[in-house]
Amino acid sequence: SGINAEYGQNISSSAVTSIVPYRVSSKQVLLGVGDNFGTLHILEVPWSLRQASPNELTAMSSYFERECSRIDYYKDRDANREEKIVDSSPQIPTALETDEEEEERLKKSFNNYLTMEKEFLVKLGLRKEDDPVKLIH
């Protein structure tokens, strides 16, 4: 969003294995960076990265609070979605059923569909709440 890197520096084509800061004086900080090849790279840390901006602590605290709130929101939303999911798939019989049982199961499934269709049409404003649903008996 509004966070951009202040500086970027390529160190090595190999993986970085360690980073150690070293304060030479109050005006100079060095950074030792080791890589997988065993090479030690010495970098000087710029003043803007050594010195905090006047409202940096407040800005970063606010950023982390917003991110935590966003993560909590998505966790709650996903949990609520899982609770609202209704298994509308037809039930597969576990044992052989008679023709009458199959017909009853299919009627029940179709009536559930008709009820859901009515609710959807009411939400779209294409049907009134008190319009009857013509269920199969």
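Refer to the structure above for everything that follows.
Residues numbered from 1 in each chain as written. Predicted model: local features only at pLDDT ≥ 70, side-chain atom pairs only at ≥ 80, totals over all residues. Heavy atoms only, no water.

Student: How do you make sense of the overall build of the protein when you look at a structure like this?
Tutor: Helices and strands together make up the secondary structure of the protein, namely 3 helices and 3 strands. Secondary structure elements of the protein, listed N to C terminal, follow the sequence β-β-β-α-α-α. The buried share of the protein, taken over its 137 residues, is 7%. About 12300 Å² of surface is accessible on the protein, with carbon and sulfur atoms providing 54% of the total. (Helix = DSSP H or I, 4+ residues; strand = E, 2+ residues; numbered from the N terminus. Buried < 20%, exposed > 50% of the residue type's maximum accessible area, 1.4 Å probe, protein only. Areas by Shrake-Rupley, 256 points an atom, 1.4 Å probe, with all protein chains shown as cover.)

Student: Even after reading the chapter, I still don't get the sheet that holds strand S2 (residues 28-35), so can you show me in this structure?
Tutor: Adjacent strands of a sheet form backbone hydrogen bonds with each other and so pair up, either parallel or antiparallel. Across the sheet, 3 strands lie side by side as S1-S2-S3; this open sheet has antiparallel pairing. The sheet terminates laterally at strand S1 (16-25) and strand S3 (40-44), the two strands that pair on one side only. For this sheet the average axis-to-axis angle between neighbouring strands, irrespective of direction, equals 20°. Relative to S2, S1 runs antiparallel, the two sharing 8 bridges. (Pairing = 2+ DSSP bridges. Axes fitted to C-alpha atoms, helices over the stretch in contact; angles between N-to-C directions.)

Student: Would you explain the packing of aromatic side chains in this entry?
Tutor: Two aromatic rings are characterised by how far apart their centres lie and by the angle between their planes. Per the stated rule, a full pass over the model turns up 3 aromatic pairs. For the pair Tyr73 and Tyr74, a centre-to-centre distance of 5.1 Å together with 75° between the ring planes defines the contact as edge-to-face. With a relative accessible area of 34%, Tyr74 lands in the partly exposed category. (Phe/Tyr/Trp six-rings, centres within 6.5 Å; stacked < 30°, edge-to-face > 60°.)

Student: Quick question: what am I supposed to make of helix H3 (residues 99-124) here?
Tutor: Since there are 3.6 residues in each turn of an α-helix, residues three or four apart along the chain are aligned in direction. Taking 1.5 Å as the rise per residue, H3 with 26 residues should run 38 Å; its terminal C-alpha atoms sit 37 Å apart, in good agreement. For H3, the set of buried residues is Asn111, Leu114 and Lys118. In the segment just after H3, Gly125 is the residue with positive phi, at about 80°. (Expected span 1.5 Å × (residues − 1).)

Student: For this particular structure, what's the right way to read the pairing of S3?
Tutor: Working note: regular strand, side chains alternate between the two faces of the sheet. Across the 5 residues of S3, 0 count as buried, placing the element largely on the outside. Across 5 bridges, S2 lies against S3 in antiparallel orientation. Along S3, the bridge assignment pairs Gly32 with Ile42. Between the end of S2 and the start of S3, which pair antiparallel, lie 4 residues, with Gly38 showing a positive phi angle near 85°.

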